[in-house]
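Examination of the molecular architecture
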Amino acid sequence: KIYQYTIENFTSNNIVMRDRGMILIKAIGGWGEVRDKKKFDNPIAVRIGSDKKVYVLDYRVGGNYCIKVFDENLNWLETIVKKADFAKDTIVDMAIDPATDDIYVLGSAGKLFVYDHKPGRKLLKEQNLIDDYVDDAFLGTRIFKSIVFSRDEKNIMYVVMIKTYLKNGQQN
């Protein structure tokens, strides 16, 4: 499920309101398939675009391969199905480019898919990030975990990955 809360009370100077905590505004979800507008199979990332749209990456191998898009009040707008692309890697994260609102989707093996913010959500670019990282590439396996855009520099994106090594035939 996806829950929408107001946290205004946390920042309030009013002690009575601050003690009240966050207030639930709306919830959507429960188990659902790709065709279910407000239900999910496995929502793994929620991101907000500069246009205030809410993007939910709903992915599980053998399940949904999509991004569901909502307005700021969690009213469904569209479902972006990318089964063919998402089948190329185990999808782990998504980010919305703050400068263009293009959608970036990351796979654990380093596949990066970039989709147009315009209707149709055309694939703009597919790149294997492991090709950009050559330092001691033969020593282990890299597992990509997340992507985040810089708030200050529009041309900077951060990618988090972990590296496992083989030691005596065992992964560490």
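Notes on the structure in this doc start here. The model shown is predicted, which means the values in this text are computed figures rather than measured ones. (Residues numbered from 1 in each chain as written. Predicted model: local features only at pLDDT ≥ 70, side-chain atom pairs only at ≥ 80, totals over all residues. Heavy atoms only, no water.)

1. Things to note about the overall build of the chain
Helices and strands together make up the secondary structure of the chain, namely 3 helices and 13 strands. Put simply, the chain has 172 residues, and 36% of those count as buried. Sequence-distant contacts in the chain: of pairs separated by 6 or more residues, those separated by 24 or more amount to 35%. Here the chain has roughly 10500 Å² of accessible surface; of this, 51% comes from carbon and sulfur atoms. (Helix = DSSP H or I, 4+ residues; strand = E, 2+ residues; numbered from the N terminus. Buried < 20%, exposed > 50% of the residue type's maximum accessible area, 1.4 Å probe, protein only. Contact = heavy atoms within 4.5 Å. Areas by Shrake-Rupley, 256 points an atom, 1.4 Å probe, with all protein chains shown as cover.)

2. What about the sheet that holds strand S8 (residues 103–107)?
Judged by pairing direction, the sheet is antiparallel, and its 4 strands sit side by side in the order S7-S8-S9-S10 without closing on themselves. Taken across any chain shown, the strands that pair with only one partner, and hence form the sheet edges, are strand S7 (91–96) and strand S10 (123–128). Ignoring strand direction, the axes of neighbouring strands in this sheet form an average angle of 15°. Pairing of S7 with S8, which is carried by 5 bridges, proceeds in the antiparallel orientation. Looking at S8, one finds that Ile91 is bridged to Gly107. (Pairing = 2+ DSSP bridges. Axes fitted to C-alpha atoms, helices over the stretch in contact; angles between N-to-C directions.)

3. Description of the nonpolar core
Among the nonpolar cores identified, the biggest contains 16 residues, and Ile67, Phe86, Met94, Ile103 and Val105 are the most heavily contacted of them. If sequence neighbours within four positions are ignored, Met94 has contacts with Ala45, Arg47, Tyr55, Val56, Leu57, Ile67, Ile103, Tyr104, Val105 and Ile147. Counting 9 residues, the second largest nonpolar core, distinct from the first, contains Ala95, Tyr104, Leu112 and Leu129. (Core = buried A, V, L, I, M, F, W, Y, C linked by side-chain atoms within 4.5 Å.)

4. Observations regarding the pairing of strand S9 (residues 111–115)
The buried fraction of S9 is high, at 4 of 5 residues. Here 4 bridges tie S8 to S9, and the two strands are oriented antiparallel to one another. Following the sheet pairing, Tyr104 is matched in S9 by Val114. Hairpin connection, S8 to S9: the antiparallel pair is bridged by 3 residues, and Gly110 has positive phi, about 100°.

5. Observations concerning the pattern of salt bridges
A side chain of one charge can pair with a side chain of the opposite charge when the charged atoms of the two come close. Tallying each qualifying case throughout the model produces 8 salt bridges. Where Glu33 meets Arg35, a salt bridge forms, and the shortest distance between an N and an O atom there is 2.8 Å. A salt bridge links Glu126 to Lys88, with the shortest nitrogen-to-oxygen separation between them at 2.9 Å. Separated by 38 residues along the polypeptide, Glu126 in strand S10 and Lys88 in the loop between helix H3 (83–86) and S7 bring together distant segments of the chain. Among the residues examined, Glu126 registers a relative accessible area of 31% and is labelled partly exposed. Using a relative accessible area of 44% as the deciding quantity, one classes Lys88 as partly exposed. (Salt bridge = Lys/Arg side-chain N within 4 Å of Asp/Glu carboxyl O.)

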